[in-house]
Amino acid sequence: MQAAPRAVRKRAFASREGILAVTFEIQEQVDLSPYNSFGVTQMAAFFADIQDPADLPQAREFAASRRLPVLVLGQGSNTLFINDFPGLVLYMNNRGREMLPGAGMVRAAAGENWHELVKFCLENSLYGIENLALIPGTVGAAPIQNIGAYGVELEQFFVELEAFDLKTGEIRHMSRVDCQFAYRDSIFKQDPSQKLVVLAVTLQLTLEPALQLSYAGLKEALAGQEATPHSVFDAVCAIRSSKLPDPKKIGNAGSFFKNPVISRSKLMSLREFYPELPAWDTEDADLVKLPAAWLLDQKGWKGKRRGGAAVHEDHALVLVNRDNATGEDVVLLAQDMSSSILQAFGVALQTEVRII
Ligand SMILES: Cc1cc2nc3c(=O)[nH]c(=O)nc-3n(C[C@H](O)[C@H](O)[C@H](O)COP(=O)(O)OP(=O)(O)OC[C@H]3O[C@@H](n4cnc5c(N)ncnc54)[C@H](O)[C@@H]3O)c2cc1C
């Protein structure tokens, strides 16, 4: 993915009330390829680079006056465009991080880079999120799918978020309970009628190290050295860099599918045919989570291609833009993959990536 260019043109626009004063920048017909980690080319009819949330009421008015759909975008690392977007893209680019008076509390603007926030916390001796190092994307997108990795999820440290409500034009504050976090899920994904633009997120971290080393690969990577938040951070970065394709070099959005959750009784019947089938416990004793990558591996998906899209040679869960793929190439490949898993195991795969 190339570095996203900044919007440069200032434009006046008409609303029901007449011509509005121009205080924020808006562009027409913007190529979205620098704004999505698959690097697919689709156009946005209108595009606003939101560096100051104070511009959002005008952006809202602009979209309402033209009856445009609105799409909120961070760094596009969990988004796949299969069509041009006929409305207004709000590219969240507001910045700022601060330590709050409460011990261990930190607040960051939605447009901040997530990994940079993890580093900032570590540098300020605030601990807990080092397992989430190097997850691409913005702070504002982190609650949308409750980002998680190596045994840690955002919700464990989440206090609240501040959001601009596109329906009412009001500012809302949402707690952890309001967000209804679950595995790669939240109210924002469950209820598309929620038209909220996350402006900032507040986290409560710990002043004492609280290491989470349950992930086997992490324990192995730390063998022979003292486990500290800094060594965990370094180990997570090293594992991720060695295992996951870098979207700057080859377009991808990390795991394309979620790990499916099935009943324990279904697991028992599957294990009659596949005794090696791995499974993890969940908080619900009747449900288990299966590794989607293992299922896809059994069906030989690694390296398979469709048009310009391909399954990564080393990761059956990661779809890549191998050769000028369109969003449709990626989706058709994903559909073939999930059909084959449904047919073979009777297990439905759900996409983690948001398809627009
Ligand atoms: C190589 C790679 C590895 C990855 N590994 C992981 C991983 O280990 N764990 C994990 O959880 N994810 C992972 N991901 C997915 C991705 O990094 C996260 O989902 C991240 O939070 C997306 O951030 P973004 O800013 O790019 O979001 P975008 O793709 O821009 O947006 C994602 C969704 O959030 C919405 N959104 C974005 N910003 C806002 C906002 N300010 N207000 C309201 N809605 C908003 C968008 O409308 C969209 O629905 C990986 C991706 C890649 C490319």
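Fair warning: this is a prediction, and the values are worked out from it, not measured in the lab. (Residues numbered from 1 in each chain as written. Predicted model: local features only at pLDDT ≥ 70, side-chain atom pairs only at ≥ 80, totals over all residues. Heavy atoms only, no water.)

> How do you make sense of the domain arrangement of the chain when you look at a structure like this?
Often, the extent of an interface is quoted as the loss of accessible area on bringing the components together. Taken domain by domain, the chain comprises domain 1 (13-92), domain 2 (97-219) and domain 3 (251-355). The C-alpha-based centres of domain 2 and domain 3 are spaced at 26 Å. Contacts between domain 2 and domain 3 engage 5 residues on the former and 4 residues on the latter. Taking both partners together, domain 2 and domain 3 bury about 450 Å²; carbon and sulfur atoms supply 41% of that area. Linking domain 2 to domain 3 there are 1 salt bridge. Glutamate 352 is paired through a salt bridge with arginine 184; the nearest N and O atoms lie 3.8 Å apart. Summed over the shared surface of domain 2 and domain 3, the result is 3 residue pairs in polar contact (both at pLDDT 80 or more). (Domains from an automatic or database assignment. Contact = heavy atoms within 4.5 Å. Buried area = accessible area lost by both parts, 1.4 Å probe. Salt bridge = Lys/Arg side-chain N within 4 Å of Asp/Glu carboxyl O. Polar contact = N/O pair within 3.5 Å; in protein donor to acceptor, adjacent residues only side chain to side chain.)

> Just to check I follow, could you spell out the packing of aromatic side chains for this structure?
Here a ring pair, both rings aromatic, is described through the centre-centre distance and the interplanar angle of the planes. In this structure the tally under the stated criterion is 10 aromatic pairs. Seen in terms of ring centroids, tyrosine 35 and phenylalanine 47 are 4.6 Å apart; in terms of plane orientation they differ by 45 degrees. Their pairing is tilted. Residue tyrosine 35 is located in the loop between strand E3 (27-31) and strand E4 (43-50), and its partner phenylalanine 47 is located in strand E4; the two are separated by 12 residues in the primary sequence. The burial state of tyrosine 35 is the same as that of phenylalanine 47; both residues are buried. With a centroid separation of 4.9 Å and 80 degrees between ring planes, the pair formed by phenylalanine 158 and phenylalanine 181 is classed as edge-to-face. Residue phenylalanine 158 is found in strand E12 (residues 158-165), and its partner phenylalanine 181 is found in the loop between helix H3 (176-179) and helix H4 (187-190); the two are separated by 23 residues along the sequence. Both residues of the pair, phenylalanine 158 and phenylalanine 181, count as buried. By the ring-pair criterion, three or more aromatic residues cluster together here, those being Tyr35, Phe47 and Tyr91. We note lysine 289 situated over the ring of tyrosine 183; from NZ or CZ to the ring centre the distance is 3.7 Å. Sitting over the face of the ring of tryptophan 301, lysine 304 holds its NZ or CZ atom 5.5 Å from the ring centroid. (Phe/Tyr/Trp six-rings, centres within 6.5 Å; stacked < 30°, edge-to-face > 60°. Helix = DSSP H or I, 4+ residues; strand = E, 2+ residues; numbered from the N terminus. Buried < 20%, exposed > 50% of the residue type's maximum accessible area, 1.4 Å probe, protein only. Lys NZ or Arg CZ within 6 Å of the ring centre and 35° of its normal.)

> Is there a simple way to explain the sheet that holds E3 in this structure?
Paired through their backbone hydrogen bonds, the strands of a sheet run either parallel or antiparallel. Overall, mixed pairing links the 4 strands, which are arranged E3-E4-E7-E5 in an open sheet. Every other strand in the sheet has two partners, leaving E3 and strand E5 (70-73) as the edge strands with one partner each. In this sheet, adjacent strand axes meet at a mean angle of 40 degrees when their direction is disregarded. In terms of strand pairing, E4 meets strand E7 (residues 85-92) through 6 bridges, oriented parallel. (Pairing = 2+ DSSP bridges. Axes fitted to C-alpha atoms, helices over the stretch in contact; angles between N-to-C directions.)

> It is not clear to me how helix H2 (residues 114-123) should be interpreted in this structure. Could you clarify?
Given 3.6 residues to a turn, an α-helix orients residues that are three or four positions apart in the same direction. Of all 10 residues in H2, 7 are buried, a share of seventy percent or more. Of all the positions in H2, only Trp114, His115, Leu117, Val118, Phe120, Cys121 and Leu122 are classed as buried. Tucked inside the fold, the buried residues of H2 contact strand E8 (97-99), strand E9 (105-109), strand E14 (196-204) and helix H6 (229-243). With a side-chain oxygen positioned 3.0 Å from the backbone nitrogen of histidine 115, the residue opening H2 is asparagine 113. Where H2 ends, the next residue or the one after it, serine 125, has phi of about 55 degrees, a positive value.

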